[in-house]
Every structure is written in C-alpha cells, then in structure tokens.
Amino acid sequence: MIILGINAYHGDASAALVRDGQLVAAVEEERFNRFKHCAGFPAESVRYCLEAAGVSLEDVSHVGVSRDPSAHLHKKVLYAATRAAKNLAGVEGSGARAKAGGGRGIFTAISERLANTAKVRDLKDDLARRLGLPKSRFRAQFHNVEHHRAHLASSFYVSPFGRAALLSIDGFGDFISTMWGVGEGGDIEVLGQVEYPHSTGILYTATTQFLGFPHYGDEGKVMGLAPYGRPRFMEEFRRIIQTDEGGRFRLNLDFFRHHAEGVEMSWDEGSPTVGRIFSDKFERTFGPPREKGAPLTDRERDIAASLQSRLEEVAFHVLNHLHEQTGLTDLGLSGGVAYNSVMNGKILLNTPFRRVFVQPAAGDSGTAVGVCYQIYNGLLKQPRSFHMEGAYTGPEFTDEEMRAELEASGLQYETYSDREVTRRAAEDIAGGAVMGWFQGRMEFGPRALGNRSIVVDPRRADMKDILNDRIKKREPFRPFAPSILEERVGDYFEQTHPAPTMLMVYQVREEKRAEVPAVTHVDGSGRLQTVSREVNPRYHQLISDFCELTGVPVVLNTSFNENEPIVCTPRHAIDCFLKTRMDVLYLGNYAVRRS
Ligand SMILES: [Fe+2]
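I will try to describe carefully the structure that is included in this document. Within each chain, residue numbers correspond to sequence positions counted from 1 in written order. For this predicted model, a pLDDT threshold of at least 70 governs which residues receive local features, and a threshold of 80 or more governs which side-chain atom pairs are given and counted, while totals over whole chains, interfaces and linings are taken from all residues. Hydrogens are left out, water is left out, and the side-chain values use all remaining heavy atoms of the structure.

1. Observations regarding the side chain of R31
Then, in step 1: Along the chain, R31 falls in helix α1 (residues 30-33).
Then, in step 2: You can call R31 buried: its relative accessible area is 1%.
Then, in step 3: A polar atom in the side chain of R31 sits 3.2 Å from the backbone oxygen of E443.
Then, in step 4: Contact criterion: two residues are considered in contact whenever any of their non-hydrogen atoms come within 4.5 Å of each other. Not counting the four nearest positions on each side in its chain, R31 is found in contact with M442, E443, G445, P446, P565, I566, C568 and H572. The helix count covers DSSP runs of H or I at least four residues long, the strand count covers runs of E at least two residues long, and both are numbered beginning at the N terminus. The buried label goes to any residue with under 20% of its type's maximum accessible area, the exposed label to any with over 50%, and the partly exposed label to all in between, with areas taken from a 1.4 Å probe on protein chains only. Throughout this description, a polar contact denotes any pair of N or O atoms lying within 3.5 Å of each other; where both atoms belong to protein, one of them has to be capable of donating a hydrogen while the other can accept it, and for residues adjacent in sequence the pair is counted only when both atoms sit in side chains.

Listed below in structure tokens is the structure:
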C-alpha cells in the first residue's frame with residue numbers, strides 16, 4: 001500500500017511517501033527549486049518520492065495533505081464573527097494576492113480562509129496538472145489531516161515509543177497553535193490545545209522581527225544571540241505571555257497586531273514573507289525596533305535572553321501539565337517551536353520526562369510524514385513497524401552520476417576506496433582544511449547530518465571565523481555545531497540522551513571546552529549531533545578516523561550551502577565548492593582539491 005503525504009501552500013512545502021508502513025522518501029521542495037522555506041505546491045518533491053519508490057501516481061492508494069479547513073470551524077466562525085467588521089475592512093482592498101494562514105502563519109480574515117480552503121480542495125487538480133496525470137486515472141483516496149494532528153502523528157508513529165505523551169508547539173495551523181495528547185499503539189488522543197491568536201511561535205517571530213531579523217526562519221538567530229544577554233526583561237515578557245491553568249497560556253494581545261489588524265503574509269511560490277506582528281506597545285515597552293543590519297547592543301541581547309528564558313518557562317509549564325495528565329515519561333515533540341534546540345535540551349532537566357523523540361523535521365515539512373502515518377496507523381489501523389532513526393530520506397546519486405558531473409566540470413579528482421576515503425578526509429580536516437562532505441541520501445529537515453555537510457576541525461578556535469569569512473557569511477554571534485561519536489557523548493557533554501538529528505543543546509563539560517572551542521558557544525553549550533554507527537556508518541567512520549589522528553571524537557558540522565538551501569545534487573555541491581573558498585570536496589569516494 002502506497003501513501004503520499006503532502007505539505008502544500010505554505011512554508012516548507014514537502015512530500016513524503018510510505019510503502020507498507022516504511023518511510024521510503026521525504027524531502028523539502030526548497031532543495032529542488034532553491035527558494036529557502038519555499039511555499040506553494042511541492043511538485044518536484046512528489047516526483048522524487050514516486051521515483052524513489054519506483055512507482056507512478058496511479059499506484060498510490062492514499063494522498064493526504066496536512067491541513068483541514070473544516071477543523072475547528074465553529075471556533076473560526078465565532079472568532080471571525082466577532083472581528084468581522086474590522087477584518088473585512090482590512091482585507092477587501094488587498095487584491096487578489098494569495099494570502100493564507102497555517103504552519104507558523106496566521107489567519108487574518110475570512111476571505112483568506114476561503115481562498116485557502118479552495119486551494120486545499122484543488123489539491124487533486126494541482127497534483128493532476130503538475131504531475132501530468134489526468135484526474136480520471138487517480139485511484140487514490142484523498143484526505144485532509146488537521147495540521148496539528150499531522151504534527152503529533154509525526155512525533156509518535158515513527159518514534160520508538162509504544163506509549164508516549166505528545167506535544168506539538170508551533171506558530172499556527174488550522175487555527176491552533178499548540179496541541180498535546182497521548183499516543184498509544186495506533187491511536188492518538190488529544191488532551192488539550194491552545195487556539196488562535198495565542199501562540200509561542202508568534203511570540204518568538206514577533207520578537208525576532210523587533211530585533212531586526214525579518215526573514216522567515218530567522219528565529220534560530222535570536223536563539224543563538226540569547227546566551228550573550230542577561231534576561232533582565234523577564235517581567236516584561238511575563239506580561240507579554242501569561243500561563244494559565246490546565247497547561248494553557250495566552251498572549252497579552254496589546255503587544256501584537258495579528259489578531260486585530262491582520263498581518264500581510266505571502267505564500268506564493270517563492271520564500272514566505274511575513275509582515276510586522278508586534279504592535280506599538282512593544283515599541284513603547286522596549287524602545288524603537290532595531291533596523292536590519294544595525295549594530296547589536298546589550299538591549300537586543302537582553303531581549304533575546306529574556307524571550308528565550310520566557311519561552312522555556314512557558315514550554316515547561318505545558319510539559320509539566322502534560323506529564324501530570326498522562327503520568328508518562330516518554331515524550332514525542334513536534335511543531336516549529338520544537339526547532340528551539342536550547343529549549344529541547346533543557347526538557348530532561350526541568351520536567352519529569354526521561355526520553356524525548358523530536359521529529360527531525362519538527363516544522364511544517366515534517367507534517368508530510370505525519371500525514372502518511374496518520375493515514376496508515378491512525379486511520380487504517382495498520383500495525384506500527386517503522387522507527388525514524390535519522391533523517392536520510394532524500395535523493396542520492398550513484399558513483400557514475402557523481403563522476404559524470406566532475407568530468408563535465410573539468411575538475412581534477414582522485415578516487416579512493418571505501419576504507420581510504422574517510423581516512424583521507426580525516427587527514428584533510430585535521431590538517432586544517434575546510435571540507436565539503438557529500439555522501440548518500442540527503443537529509444530531511446533543517447539540519448545537515450553528515451551527508452550534505454561542511455566538516456572542519458573543532459579544535460581550532462579560528463575555524464568559526466574562517467568558515468564565516470570563506471563560506472557561510474553568517475552573523476558572528478551564531479554558533480557552529482559539533483557531531484560526536486554517540487558512544488563518547490558523556491566524555492564531552494553534561495547530558496547523554498541521544499540527539500541524532502541535532503535538535504538538542506547541552507552544556508559541554510567544563511574541562512572539555514578549551515579542547516573544542518569552535519563548537520562551544522559563549523555560554524559553554526553545544527548543539528550536538530550524536531552519530532551512531534548503525535544510522536550513518538560512513539560519517540561515524542569519518543569521526544572515528546579523525547579521533548584516531550587527534551584523540552578527539554568530535555568534528556564541526558555545518559550545512560553544505562552558502563546562504564541558500566542545503567545542496568541536493570552533485571551539481572549543487574560542485575557549484576558551491578567553486579564559488580566559495582572550500583579547500584576540498586568529497587563527492588562519494590571522489591575528492592577534488594583546490595589547487
Ligand atoms: Fe506547524
């Protein structure tokens with residue numbers, strides 16, 4: 001039985017394919033069309049998933065999309081009715097531009113919802129048109145899966161847990177920002193939720209905008225900035241977001257515009273854009289917003305620190321309630337806010353939860369996976385048989401394909417055996433080289449996990465500047481991340497719970513910080529990836545070989561890209577190698593050195 005899951009018409013458009021319960025492929029559209037976080041319809045992703053499974057669209061039994069416009073309709077209508085006059089006045093003049101809520105997005109008015117409803121209804125049309133198959137030839141049943149149910153499914157059915165507490169913590173989707181419940185066997189029971197317009201994701205995005213980072217997905221920059229500040233605005237942030245009984249929370253709406261005035265959002269085919277969410281009261285409280293590119297001062301650092309700290313308080317409030325409700329100590333986590341790896345890394349320290357599975361694509365792209373399993377396990381009651389241990393579900397290329405690209409580029413290359421290649425690569429990085437490492441299947445979700453990575457020596461304190469200068473051009477305050485052999489985590493970090501998809505930040509042991517300065521953040525933390533031999537044998541071997549040379553079981557791993565989506569194909573990798581100042585590129589067993 002073949003199931004196709006789709007996240008369409010808003011940020012991080014993606015597709016996933018499940019055959020008889022096994023995840024065959026999952027991929028984000030941005031990797032193909034090269035627009036970061038791209039919205040729209042993920043036609044290339046669908047095409048790739050079908051190709052990876054060796055099937056055609058006619059072979060698919062079920063197609064699902066991760067939104068259900070009919071969900072919570074009474075609440076939407078009630079909310080819209082109370083705001084109708086204002087909202088409609090604000091929207092009527094906005095023309096035909098496609099605007100829609102969802103994911104980290106915001107519903108702003110009835111007309112947007114109607115437009116979006118129509119789009120979801122048109123999923124079949126789009127699929128037929130974009131994939132070139134007449135609708136009459138579809139055999140598939142079509143499903144709408146509510147946004148947060150898709151998130152919850154993505155954190156449970158592919159987790160190692162038979163029974164677990166589940167939390168989706170997000171911006172918005174289908175009028176809900178946060179949903180929690182319990183998963184057991186083939187069922188997920190929803191136990192609570194927080195509705196529009198209250199959202200931790202919106203709080204984080206609004207503050208991120210205020211701090212002068214306007215792009216969709218910039219929230220991670222603020223998380224990286226936070227450790228430089230002091231949380232001296234806690235009182236203000238406790239006024240801005242308040243916790244309630246029953247694990248709930250609410251925004252003080254005086255600080256926001258989204259609920260009253262609406263926020264301009266564009267989900268056209270390119271990268272999403274979001275209008276200003278914070279209100280004038282935010283400015284009256286903190287002073288004028290920082291302009292993009294203006295120097296960062298202590299005020300911005302302290303606001304970032306306070307925001308991060310308050311987010312953690314609110315998240316632990318929800319999680320502690322969820323534990324009380326369920327008595328469980330295993331947790332499945334998803335939603336855009338679950339990309340906050342600093343928060344995730346503190347869960348075990350601040351709640352009774354003992355094991356955490358974070359969906360590798362915790363944001364909206366991962367709902368494509370959730371949709372597949374909500375249909376397969378939840379709806380069709382098929383037994384669970386798949387554990388998503390890594391995130392290596394994207395395109396891969398044969399030796400011949402990689403060699404052909406090298407030949408076409410006219411580059412000199414060397415060829416190594418399987419055993420030699422990791423040794424040579426380890427020698428390169430131990431010698432100070434900046435290395436592109438392109439191997440196997442591309443990762444799903446935001447993190448490069450050793451298959452589309454730039455890898456360097458973490459012992460060199462100057463590596464951060466070298467990477468920024470030569471390739472990444474990131475803000476200097478942002479940290480770089482370590483990959484560590486799973487079996488050595490306890491030697492370097494204060495916590496040892498696995499973090500295979502780089503979604504946990506732990507403290508580096510005090511005595512080790514000087515040994516790996518390039519991956520130790522200003523507060524002594526590191527956003528680690530624990531690498532196991534079973535899940536990624538070649539990357540594990542590379543780090544083992546590096547350890548044999550240097551005594552250090554850690555490398556610095558950053559995504560293989562230069563301010564663009566992570567590279568997907570050998571062509572992308574070669575182009576990135578040529579236009580940056582990388583020293584060496586490994587494509588499978590081939591190595592190209594800059595002469
Ligand atoms: Fe979402």
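Here the narrative resumes.
2. A word on the sheet that holds strand β6 (residues 163-173)
Then, in step 1: Strands were regarded as paired on the criterion that DSSP finds at least two bridges between them. Taken in spatial order, the five strands line up as β8-β7-β6-β13-β14 in an open sheet, and their pairing is mixed. Lying at the two open borders of the sheet, with one neighbouring strand each, are β8 (187-195) and β14 (355-358). Put simply, the sheet's adjacent strands are angled 20° from each other on average, direction ignored.
Then, in step 2: Here β6 runs beside strand β7 (residues 176-184); their pairing, made up of eight bridges, is antiparallel. Following the sheet pairing, R163 is matched in β7 by E184.
Then, in step 3: Note on geometry: axes are lines fitted to C-alpha atoms, helical ones only across the stretch in contact, with angles between N-to-C directions running from 0 to 180 degrees. Those strands touched by helix α11 (residues 298-326) are β6, β7, β8 and β13 (330-334), and its axis lies near 145° from that of β6.

3. Notes on the coordination of the iron ion
Then, in step 1: The donor set comprises N, O and S atoms within 2.8 Å of the metal, extended to 3.2 Å for Na, K and Ca; water molecules are omitted, so apparent gaps in a site may simply reflect that omission. Ligation of the iron ion by protein atoms is provided by H147 (NE2), H151 (NE2), D170 (OD) and D364 (OD), these donors lying 2.0 to 2.3 Å from the ion.
Then, in step 2: For the iron ion, the four donor atoms in the first shell make angles of 92 to 161° at the metal, so the coordination geometry reads as irregular.
Then, in step 3: In terms of primary sequence, the donors binding the iron ion are separated according to H-x3-H-x18-D-x193-D. Of this pair, D170 sits in strand β6 while D364 sits in the loop between β14 and α14 (367-379), placing them 194 residues apart in sequence. A four-donor site is called tetrahedral if each angle lies between 85 and 135 degrees; a four-donor site is square planar, and a six-donor site octahedral, when trans pairs exceed 155 degrees and the remaining angles lie between 65 and 115; all other cases are labelled irregular.

4. Observations concerning the sheet that holds strand β15 (residues 414-415)
Then, in step 1: Sheet architecture is open: nine strands sit in the order β15-β23-β22-β16-β17-β21-β18-β20-β19, paired in mixed fashion. Across the chains shown, the open sheet's two edge strands, defined by having one partner strand only, are β15 and β19 (504-507).
Then, in step 2: In terms of strand pairing, strand β17 (residues 452-456) meets strand β21 (residues 554-559) through four bridges, oriented antiparallel. Along β21, the bridge assignment pairs I454 with T558.
Then, in step 3: Those strands touched by helix α16 (residues 418-430) are β15, β16 (435-438), β17, β21, β22 (584-587) and β23 (590-593), and its axis lies near 160° from that of β22.
Then, in step 4: Helix α19 (residues 537-550) contacts β16, β17, β18 (481-485), β20 (525-531) and β21 of the sheet and is inclined by roughly 135° relative to β21.

5. A few points about empty space enclosed by the protein
Vacant regions in the atomic arrangement are exposed by a probe of water-molecule size rolled over the atoms.
Then, in step 1: Points on a 1 Å grid, built from protein atoms alone, make a cavity when a 1.4 Å probe fits but cannot get out and make a pocket when they are open with protein on both sides within 12 Å along at least 5 of 7 lines; residues with an atom within 4 Å of a point are the lining residues. Grid points are joined across faces, edges and corners, and a volume is the space filled by probe spheres set on the points. Applying the stated criterion to the full structure yields two cavities of 30 Å³ or more.
Then, in step 2: Size it by volume and the largest cavity reaches roughly 110 Å³.
Then, in step 3: Taken together, 13 residues form the lining of the largest cavity, with T205, H215, Y216, E219 and V274 sitting closest to its centre.
Then, in step 4: A per-element tally of the lining of the largest cavity places helix α7 (residues 200-210) first, with four residues.

6. Some remarks on the packing of helix α6 (residues 147-156) against α14
Then, in step 1: At a minimum axis distance of 7 Å, the contact between α6 and α14 shows a crossing angle of 85°. In terms of their interaxial angle, α6 and α14 are classed as roughly perpendicular. Residues H147, R149, A150, H151, A153 and S154 of α6 lie in contact with α14, whose contacting residues are T367, G370, V371 and Q374.
Then, in step 2: Taken together, the residues of the contact of α6 with α14 sort by class into three nonpolar, six polar and one charged. Any angle between 65 and 115 degrees counts as roughly perpendicular, while under 35 counts as roughly parallel, over 145 as roughly antiparallel, and the rest as oblique. Residue classes follow a fixed rule: Ala, Val, Leu, Ile, Met, Phe, Trp, Tyr, Cys and Pro count as nonpolar, while Asp, Glu, Lys and Arg count as charged, and any other residue, Gly among them, counts as polar.

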